[in-house]
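Read off the chains here:
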Amino acid sequence: MKNLTTLFTLFMFVQLGFAQDFIEGKITGTIHDQNGNPQEFATIMLLTAHDSAFVKGNASDISGSYSFENIPAGKYLIGATQVGFQKAYSATFEVSGLRPQTTIPAISMKEDVKVLQEIVVASTKPFIEQEIDRTIINVENSIVSSGSSAFEVLEKAPGVTIDRQNDQIQLKGKSGVIVMIDGKQTYLSGQDVANLLKSTSSENIEKIEIITNPSSKYDAAGNTGIINIRMKKNKNFGTNGTATLGAGYGKYRKANGNLMLNHRAGKVNAFGNYGYIDNKSFQESTINRVIPFEGTNTYFDQTSFRPNQFNGNKLRGGIDYFITPKSTIGLLVTGFSNVWAQSNGLNESVISDENGNVLLRPSTWVDVKDTRTNLTGNLNYKYSFNEKGQEITFDADYSRYVSESNNALVTTYTGADFSISRPTDQVRNYMPSTIDIFAFKSDYTLPLDNGSKLEMGVKSSQIQSDNNLIFENFLENAWEYDENRSNHFKYNESIHAAYINFATELSKKTKVQMGLRAEQTSSKGNSVTLNQVVKREYLNLFPTLFVSHQLDSSNTLNLSYSRRIDRPNYQDLNPFIFYLDPYTYQVGNPYLQPQFTHSLQLTHIFRNKFNTSLSYSRTTDAIVSEVPGQIAEENITFVTTKNLATQDNANLTFSFPVKVRNWWNLQANLTGNYVKYSSPYLEGQFEQEALSYNMYVNNSFTLGNGFTGEISGWYNSASVYGFFESQPMGAFSLGIQKSMLDKKLTIKANINDPLWINKFRGSTQYQDIDIKILSKWESRVARVTLTYKFGNQNVKGARQRATSTETERNRAGGDK
């Protein structure tokens, strides 16, 4: 309770201090034509005086009057546009504490003699709008979008930060954001999404929607935010593409390449993408542990160095056929083939007694090879009934994953004097695995006459997983099957879901959206080797509620509630054992159960720009990885994934942009977090809690002559995750890029963690478990990337599909 009080006090302090730091400036004025007649519905723009940068937009009313409220101190000018008239500007003026209210002299607009016919002009929308469950960036016809890509426009969205070094998108400081185009999810890696957005002209974008708490329309799994890019309905024809080549070096070399193509002719749109990654890296760690047994302690001091190699190929292609202006059918095929290998990894241990006497020196050489392939097919259909947004969609999917995991260990044992003390130990395990996913979904949207909207839909999925762990020992010059450590495990799961979602306005200032999703789940886990079967049948309801109330023109409060579910990843259910050495390993848990979360969030939005949110969630049967276990009589320590009884989280987040100089922009995200775990474990009661915080700051610089630069950094305070307490972590990155050939060619150079300070230090002490860990990896890497855009960049991008197996494929491990 004390920690929750601290978070609430901090929330109120931020609000109180924030409200006192800004001048509430107001600007008013009128606009008329050369004959003195009022100009109705002219587009009025508030611009900064020094560089004419767009600040805010509005439209004149029927009397030609306009106004801007809550304007910070600074020097500005007014710009006005109207079809059939020449652009007009006011003189420069200043908003300050001494002059918070300013009336601009009337602006006169002259007719444009080149205009030969009368055109009716409508008012433009503001650049940023806040709706009940999402923030909207209106890109269409906005001057800030001119000459930009979708990637660059996204940087202007509140709460969104871009890691330019890695081209990763973060929402409120959290990665793993789902990016959708026209409501259809892009099943792409972070780099592929970035390339897609960079090759999409902002001239083709209508608006961008940021959804931090998804409604019942979306799968109940997870609580990741969504960025949805709505495209204009253009009919441009032609071909475009983007080619990317990159190279990097840390301790080892890296390389990557990507080619993306899009072609539209007549009623057919074809698209394809191929990407390749070649990455060699390493991880090194130190593990110290104390194992008590029968009144004495044994001490393990262990070091390891494990080089690894990753080669990945990813392919995506499809075709859309526009049957009529209202209906479209499409076929999408995606796949990947990846190989991850660890060769000659060395783990050395020193085992000592309480007096420091060396008992044994095991040294283990580890070879690992993990291959994964996937092929997914999606057939989709969309029909739009009218221009108001009434539509229905259908998706049918099949996805198949095939993997093979091999693990071989050779361990030698020497004594205190380094002489051989026991025979060499050789073991190996092999696990072929297949996952088949079948799914179908349909969604229907119906706008109502009173401005309300009704959504409903259904989804059904079937998953079949087969994992056969074969463990062998090398005895008397032959490999022998080990039935005690082998396990053939099969898992079947079916989920049937339906949802309904309703949104309406209670008043001009209050909006409500409510929804309900029902999911029926049936699962069967079958250990063929142990003859153990676990069956589960459960029906769950997942309600969502959103309430938004506008206090005044500057302040909006949003309140949201949701209940969600997270099911175990299929790979976590695999009983496969990954060995570090004979005394240390990681093992899957085929008997994991899903976790359920109740979430409540209060958000304050100031000027549609500064966001502060306070949230609380409680998770039951929390799925927690790296849960330690011990077999003391054999000096064995292992980690696995388990369900803990409860996990409570309280979170305070504050995000804000700062324009330090005309050429320097800063985006900051500050988060305070309280977490508490409580669960019975190993015949005891596990209790763990902590108050922590993290910061992320991104600085972008416009250097001139086509050069831009960036410096970003992050810091995490000491915290806890499950059983482990982690020490503070942090790092920074910097980079520079140059655009040439009319922005078609971009060269970027960057270095991540140049001082190599990013490392993990953690420890756990529970009952007789006492472990300390230090781990480092190849976080310091310098990279150079060349990107070239070719062809007609105004071609409408391919329809991106939110296929019906998205959630299931993520649980299968995606393309990792």
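Criteria and cut-off values
Residues numbered from 1 in each chain as written. Predicted model: local features only at pLDDT ≥ 70, side-chain atom pairs only at ≥ 80, totals over all residues. Heavy atoms only, no water. Helix = DSSP H or I, 4+ residues; strand = E, 2+ residues; numbered from the N terminus. Buried < 20%, exposed > 50% of the residue type's maximum accessible area, 1.4 Å probe, protein only. Contact = heavy atoms within 4.5 Å. Pairing = 2+ DSSP bridges. Axes fitted to C-alpha atoms, helices over the stretch in contact; angles between N-to-C directions. Patch = residues over 30% accessible without salt bridge, like charges linked within 9 Å, V, L, I, M, F, W, Y side chains within 5 Å. Areas by Shrake-Rupley, 256 points an atom, 1.4 Å probe, with all protein chains shown as cover. Salt bridge = Lys/Arg side-chain N within 4 Å of Asp/Glu carboxyl O. Phe/Tyr/Trp six-rings, centres within 6.5 Å; stacked < 30°, edge-to-face > 60°. Lys NZ or Arg CZ within 6 Å of the ring centre and 35° of its normal. 1 Å grid on protein atoms, 1.4 Å probe; cavity = no way out; pocket = protein on both sides within 12 Å on 5 of 7 lines; lining within 4 Å. Points joined across faces, edges and corners; volume = space filled by probe spheres on them. Nonpolar A, V, L, I, M, F, W, Y, C, P; charged D, E, K, R; others polar.

Enquirer: Hey, could you run me through the overall build of the protein chain in this one?
Expert: A count of helices and strands for the protein chain gives five helices and 45 strands. When each of the 816 residues of the protein chain is scored for burial, the buried share is 51%. Of all intrachain contacts in the protein chain linking residues separated by at least 6 positions in sequence, the fraction that spans at least 24 positions is 66%.

Enquirer: Please explain the environment of Phe724 as it appears in this structure.
Expert: Tracing the backbone shows Phe724 in strand E40 (residues 724-726). Phe724 sits in the buried class, given a relative accessible area of 9%. Sequence-wise, Phe724 and Gln765 are 41 residues apart; in three dimensions their C-alpha atoms are separated by 8.2 Å. Look past the residues within four positions of Phe724 in its chain and what remains in contact with it is Glu626, Pro628, Gln688, Ser719, Gly762, Ser763, Thr764 and Ile773.

Enquirer: Honestly, the sheet that holds strand E8 (residues 101-109) in this entry has me stumped. Any pointers?
Expert: Backbone-to-backbone hydrogen bonds join strands into a sheet, with any given pair of strands oriented parallel or antiparallel. The strand order across the open sheet formed by three strands is E4-E1-E8, and the pairing between neighbours is mixed. One side of each edge strand has no neighbouring strand; the edge strands of this open sheet are strand E4 (65-71) and E8. Mean inter-strand twist for the sheet, computed between neighbouring axes without regard to direction, equals 15°. Two strands pair when backbone bridges link them, and strand E1 (residues 25-33) and E4 are joined in this way by five bridges, in the antiparallel orientation. Within E4, the residue paired with Gly25 across the bridge is Ile71.

Enquirer: Whenever I open this one, a nonpolar patch on the surface confuses me. Can you help?
Expert: On the surface, Val268, Ile319, Tyr321, Ile323, Ile329, Leu331, Val333, Leu375 and Leu379 cluster together into a nonpolar patch covering about 710 Å² of accessible area. Among the elements of the structure, strand E20 (296-324), strand E21 (327-352) and strand E22 (358-384) are those that each provide at least two residues to the nonpolar patch. One can find Ile323 in strand E20. Given the relative accessible area of 32%, Ile323 is considered partly exposed.

Enquirer: Where do I start with the packing of aromatic side chains in this structure?
Expert: What describes a pair of aromatic rings is the distance from one ring centre to the other and the angle between the planes of the rings. If you walk through the whole model with that rule in mind, you get 26 aromatic pairs. Cluster of aromatic residues (ring-pair linked, three or more members): Tyr252, Phe282, Phe305 and Trp756. Here the guanidinium or amino end of Arg264 rests over the ring plane of Phe322, the centre of that ring lying 4.2 Å away. Lying over the aromatic face of Trp756, Lys776 brings its terminal NZ or CZ to 3.7 Å of the ring centre.

Enquirer: I tried to follow the layout of surface pockets on my own but got confused; where do I start?
Expert: Here the idea is plain: a probe the size of a water molecule rolls over the atoms and shows the empty space left. Volume-wise, the second largest pocket comes out at about 590 Å³. As for the second largest pocket, its lining consists of 31 residues, and the residues nearest its centre are Ile577, Tyr585, Val587, Gly588 and Phe638. Counting residues per element, the ones that place at least two in the lining of the second largest pocket are strand E31 (577-581), strand E32 (584-587), strand E34 (610-631) and strand E35 (636-661). A per-element tally of the lining of the second largest pocket places E35 first, with four residues. Here the residues of the lining of the second largest pocket sort into 16 nonpolar, eleven polar and four charged.

Enquirer: In this structure, what is going on with the environment of Pro362? I would like to understand it.
Expert: Structurally, Pro362 is set in strand E22. Residue Pro362 is classed as buried on the basis of its relative accessible area, which comes to 3%. Spatially, the C-alpha atom of Pro362 lies 9.9 Å from that of Arg422, the residues being 60 residues apart in sequence. Residues in contact with Pro362, not counting those within four places in the same chain, are Asn347, Glu348, Ser349, Ile351, Thr411, Thr412, Tyr413 and Tyr583.

Enquirer: Which parts of the structure should I look at to understand unusual backbone geometry?
Expert: Peptide bonds are trans in most cases, and residues, glycine excluded, mostly fall at negative phi. At Glu626, a position not held by glycine, the phi torsion is positive, near 55°. The topology assignment puts Glu626 in strand E34. In this model, Trp756 sits at a positive phi of 50°, which is unusual for a non-glycine residue. Position of Trp756 among the secondary structure elements: in the loop between strand E42 (745-752) and strand E43 (760-766).

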